[in-house]
Amino acid sequence: MTLPFGRLGLGCAQLGNLYRAIGDDEATATVDAAWDAGVRYFDTAPHYGLGLSERRLGAALRKRPREEYVVSTKAGRLLVPDDSPAAGRDPDLFDVPATHRRVWDFSADGVRRSLAESLERLALDRVDLLLLHDPEGHAGEAIESAYPAAERLRAEGVVRAIGVGSMDVAVLTRFAAETDVDVLMVAGRYTLLDQPALDALLPLCSRRGITVLNAAVFNGGLLAEDRPHRELPYQYEHAPATVVERASAMAAVCERHGTTLPAAALHFASAHPAIAAVVAGAQGPEQSRRNAGLAFGPPPPATLWPDLIDRGLLRADAPVPAGAA
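Residues numbered from 1 in each chain as written. Predicted model: local features only at pLDDT ≥ 70, side-chain atom pairs only at ≥ 80, totals over all residues. Heavy atoms only, no water.

J.: Hey, could you run me through helix 4 (residues 139-155) in this one?
T.: Each turn of an α-helix holds 3.6 residues, which means side chains three or four residues apart point in the same direction. An ideal rise of 1.5 Å per residue puts 24 Å on 17 residues; helix 4 measures up with 22 Å between its terminal C-alpha atoms. The sharpest bend along helix 4 measures roughly 35° and falls at Ala 146, with the proline Pro 148 sitting one to four residues further on. Those residues of helix 4 not exposed but buried are Ala 139, Ala 142, Ile 143, Ala 146, Tyr 147, Ala 149, Ala 150 and Leu 153. Of the surrounding elements, those touching the buried residues of helix 4 are helix 3 (108-122), strand 6 (129-133), strand 7 (161-166) and helix 5 (169-178). A positive phi of about 80° marks Gly 157, the residue just after helix 4. (Helix = DSSP H or I, 4+ residues; strand = E, 2+ residues; numbered from the N terminus. Expected span 1.5 Å × (residues − 1). Bend = angle between axes of the 7 residues up to and from the residue. Buried < 20%, exposed > 50% of the residue type's maximum accessible area, 1.4 Å probe, protein only. Contact = heavy atoms within 4.5 Å.)

Structure (C-alpha cells):
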C-alpha cells in the first residue's frame, strides 16, 4: 500500500510539549503553517505528551477535508490513568501533568485498544497508518502478537497500512525480513550525522518494496539550527562534546558552500532511493514554515557533499542529492 506522504511530513511530538510547554494556539498554528506550506502528512503517537499531541493534532485538522491528508499514529504504549496526588509532572521528555502512566502492551488486545483510544483523542474515524512504536524491548511479543493484530486491522480495512517505528536498526531489520509490513519509520538512524540504516536496513527495504519514512532527521534537535551548540539535544539526550564538534564542523562546511546545516540535513535525509518521505518536527509555526521551505526548495550546491566526504564528515557510500548547479 502506497500512501500519498509527499516529500515532507510533520512530526507532532512538539504538539505534546516535547522539551517545553506550548499553548493550544501555537500547536494549531504549527499545523496550519505546515499545511499552508504544502505538508499533508502528520505523524503522532499516544506517547507524545500522554495523548496531548493526538488531541491537538485532531483539533487542528478538524476543519480540513479528511481525504486531503494522511495521519499515522502508533501502538505499544497504553495510557493508564494515574490519580495519585503525588503524580506531578511527566517523567519523560514532555512538559505535561502526569495524569496517566505509559504501560507497554504489544498484545493483540493492546493494539486494538490503543488504536481505539487514539481515534477518540484524534476525533477521527480512521487513521491511515498504524505503527508499532519502539518494540525493541518487546520484539518477541510484537512480532508474535502485535504484528498479527495490526495485519488483521489492515485486512479489515480499519487502517490502510501498517508498520513499525523505532530508533533501533536491528529490530527494524527483523521486521523487514520476517513480516509483511508496508512501512518502516526509521527515527534518527539515517541522518547527516548517523547512517547505521545504510548498511543492511535500507537495501533490504528496497528489495522488499517497503516504504521508508525517515524521521528525527535533525537527531532530536542538534541539526535543527544553523550553528549547533551544547544546549541542543542529540537523540533526545545531552549531546556529547565530540558530536557537537562534528556537527559544528559540518555547519562550517555548509556555510562555506552557501547553505545551512538544516538544509543539508533535510536534503541528505531524502536522497536515498528507499526513502519515500522525511518526517521533521517543528518548534512552532516559524520552524514549520522554514522546514517546508528548505525541503521543498532547491538542494544545497553539489560541491557540498564531496567536501564533507573529503573532510571525513560523511560516508562516501551514502547517496547524496544531485545538488544545485
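J.: Looking at this structure, how should I read the environment of Thr 242?
T.: Positionally, Thr 242 belongs in helix 7 (residues 241-256). Thr 242 sits in the exposed class, given a relative accessible area of 58%. Considered as a pair, Thr 242 and Leu 52 are 190 residues apart in the sequence and their alpha carbons are 35 Å apart.

J.: Mind showing me how you'd approach helix 3 here?
T.: The end-to-end C-alpha separation of helix 3 is 21 Å, in line with the 21 Å expected for 15 residues at 1.5 Å each. Of the residues making up helix 3, those classed as buried are Gly 110, Val 111, Ser 114, Leu 115, Ser 118, Leu 119, Arg 121 and Leu 122. End-on view of helix 3: buried residues confined to an arc of 165°, all on one side of the axis. Turned more than 90 degrees away from the buried face of helix 3, the exposed residues are Asp 109 and Glu 120. (Arc of directions from axis to C-beta.)

J.: Would you mind going over the sheet that holds strand 8 (residues 183-187) with me for this structure?
T.: Backbone-to-backbone hydrogen bonds join strands into a sheet, with any given pair of strands oriented parallel or antiparallel. Read once around its circumference, the closed barrel built from eight strands follows the order 1-2-3-6-7-8-9-12, with strand pairing classed as parallel. Between one strand axis and the next, the sheet turns by 25° as a mean value, whatever way the strands run. Pairing of strand 1 (residues 8-11) with strand 12 (residues 275-281) involves four bridges; the strand directions are parallel. The partner of Gly 11 across the bridge, within strand 12, is Gly 281. Against the sheet, helix 5 engages strand 6, strand 7 and strand 8, with an angle of about 170° to strand 8. (Pairing = 2+ DSSP bridges. Axes fitted to C-alpha atoms, helices over the stretch in contact; angles between N-to-C directions.)

J.: Is there a simple way to think about the packing of helix 4 against helix 5 in this case?
T.: A pair of packed helices is captured by two measures, namely the crossing angle of their axes and the spacing between those axes. Where helix 4 contacts helix 5, the axes come no closer than 11 Å and their chain directions differ by 40°. Pair helix 4 / helix 5 crosses with right-handed handedness. Touching Ala 139, Ala 142, Ile 143 and Tyr 147 of helix 4 are Val 171, Arg 174, Phe 175 and Glu 178, all from helix 5. (Left-handed = near helix turned anticlockwise from the far one by under 90°.)

J.: For this particular structure, what's the right way to read the nonpolar core?
T.: As a rule of thumb, nonpolar side chains are buried together in soluble globular proteins. Ranked by size, the top nonpolar core spans 90 residues in total, and within it Phe 42, Phe 175, Leu 184 and Leu 192 carry the most contacts. The element that contributes the greatest number of residues to this core is helix 4, accounting for eight residues. In contact with Phe 175, not counting residues within four places along its chain, are Leu 132, Pro 135, Ala 142, Ile 143, Tyr 147, Val 164, Val 181 and Leu 184. By size, the runner-up hydrophobic cluster in this structure holds 13 residues, among which are Leu 3, Val 70, Leu 129 and Val 279. (Core = buried A, V, L, I, M, F, W, Y, C linked by side-chain atoms within 4.5 Å.)

By themselves, these figures tell us nothing about what the structure is for.
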